[in-house]
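The residues making up each chain are set out below.
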Amino acid sequence: MSISYQPAPASVLSGLAPEEQLEKIDQAYSSPPWWYNLRGLAILTFTYRSTLWTQVRHFAGNVADRHLEVAVGTGTFLGLVLGWRRLAGAPRVRVAGLDCAEAMLAGARRRFRKDPNVELVKGDAAALDLPADSFASANVPNAMHCFPRVDAVLAEIFRVLTPGGTLAANVLLHPRGIQPFRWIAERINAWAMRKGILHTPYELEDIRARFRKVGFEIVRERVVGNTWMVCARKPVQSHSGQGSSRD
């Protein structure tokens, strides 16, 4: 059975230079942290058609010591993941949280100000200022579809993961399912692309191929609502530069 999609509007990030894209994203995420969190919950429900606890379980299972959290935002979701792990009796881990939006990082800094194991840095996920083979795990919650240069982001995460390190992500797919839910998701996506908080939803075959192109092995995957939930591994025998987006 084929699924027909409404033509997606062009993202406001399309055609911009990388520096302009980062500035536009920073502006798009300049809302107060409480509004960002509330808006995110609505998008999760009506666009992703998933649940918060489905995501927490997915990402909490991919946190090792020396963990990289890409697009950490206000830190609310990371706090839930770390809290879930504490309840499960998992050991504490060292976490580096990265985001390009200063307003989001300000909220994360307040949230983790008393946690010495969480370090927060501002940076571009498509050009990580981090050494190769630095992290045993990386999570990208609710953000892969927001990156204008997703191939560069995947290549950079591949580069900084240790051989055998794993990446967990959830990626927004084109709306599917019955009406009116598909229509609602399409309208929210169009608004988000105009605002600059969404670059594009993906077709499953396309985004899966992008992961594999930089060298990732798919460990497990499933589709939940309009979301591809995936865990991928950097091969043990991989050279750290294989997926690098740098010269």
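Residues numbered from 1 in each chain as written. Predicted model: local features only at pLDDT ≥ 70, side-chain atom pairs only at ≥ 80, totals over all residues. Heavy atoms only, no water.

Asks: Explain the packing of helix α3 (residues 52-60) against helix α4 (residues 76-87) to me, and be specific about the residues and the numbers.
Replies: With their axes 9 Å apart at the nearest point, α3 and α4 run at an angle of 65 degrees to one another. By the angle class used here, α3 and α4 are roughly perpendicular. Handedness of the α3/α4 crossing: right-handed. In this structure, α3 contributes L52, W53, Q55, V56, R57, F59 and A60 to the contact, and α4 contributes F77, L80, V81, W84 and R85. The residue inventory of the contact of α3 with α4, partitioned by class, reads nine nonpolar, one polar and two charged. (Axes fitted to C-alpha atoms, helices over the stretch in contact; angles between N-to-C directions. Helix = DSSP H or I, 4+ residues; strand = E, 2+ residues; numbered from the N terminus. Parallel < 35°, antiparallel > 145°, perpendicular 65-115°, else oblique. Left-handed = near helix turned anticlockwise from the far one by under 90°. Contact = heavy atoms within 4.5 Å. Nonpolar A, V, L, I, M, F, W, Y, C, P; charged D, E, K, R; others polar.)

Asks: Please set out the environment of G196 residue by residue, giving values where relevant.
Replies: Mapped onto the fold, G196 is located in the loop between α7 (181-195) and α8 (204-213). Residues G196 and F147, spaced 49 residues apart in sequence, show a C-alpha to C-alpha distance of 9.9 Å.

Asks: Summarise the side chain of T162; cite the residues concerned and give the values.
Replies: Considering the arrangement of structural elements, one finds T162 in strand β5 (residues 161-172). If near-sequence neighbours (up to four positions away) are discounted, T162 is found in contact with R66, D133, S134, F135, A136 and K234.

Asks: Give me the nonpolar core: which residues, what numbers.
Replies: Within the largest apolar cluster, 35 residues are counted, with the highest numbers of intra-cluster contacts made by V140, M144, I157, L167, F211 and F216. Mapped onto this core, the elements with two or more residues apiece are β1 (67-70), β2 (95-99), β4 (135-140), α6 (150-160), β5, α8 and β7 (227-233). With eight residues, α6 is the largest single contributor of residues to this core. If near-sequence neighbours (up to four positions away) are discounted, L167 is found in contact with N62, A138, V140, L154, I157, L161, F211, F216, V230, C231 and A232. Grouped together as the second largest cluster of nonpolar side chains are 17 residues, F59, V93, V95 and A168 included. (Core = buried A, V, L, I, M, F, W, Y, C linked by side-chain atoms within 4.5 Å. Buried < 20%, exposed > 50% of the residue type's maximum accessible area, 1.4 Å probe, protein only.)

Asks: So what about the pattern of salt bridges? Which residues, and what values?
Replies: A full pass over the atoms with the stated rule returns ten salt bridges. We note a salt bridge from R210 to D206, for which the minimum N-O separation is 3.0 Å. Residue R210 and its partner D206 are located together in helix α8, separated by four residues, close to a single helical turn. The class of D206 is partly exposed, set by a relative accessible area of 32%. (Salt bridge = Lys/Arg side-chain N within 4 Å of Asp/Glu carboxyl O.)

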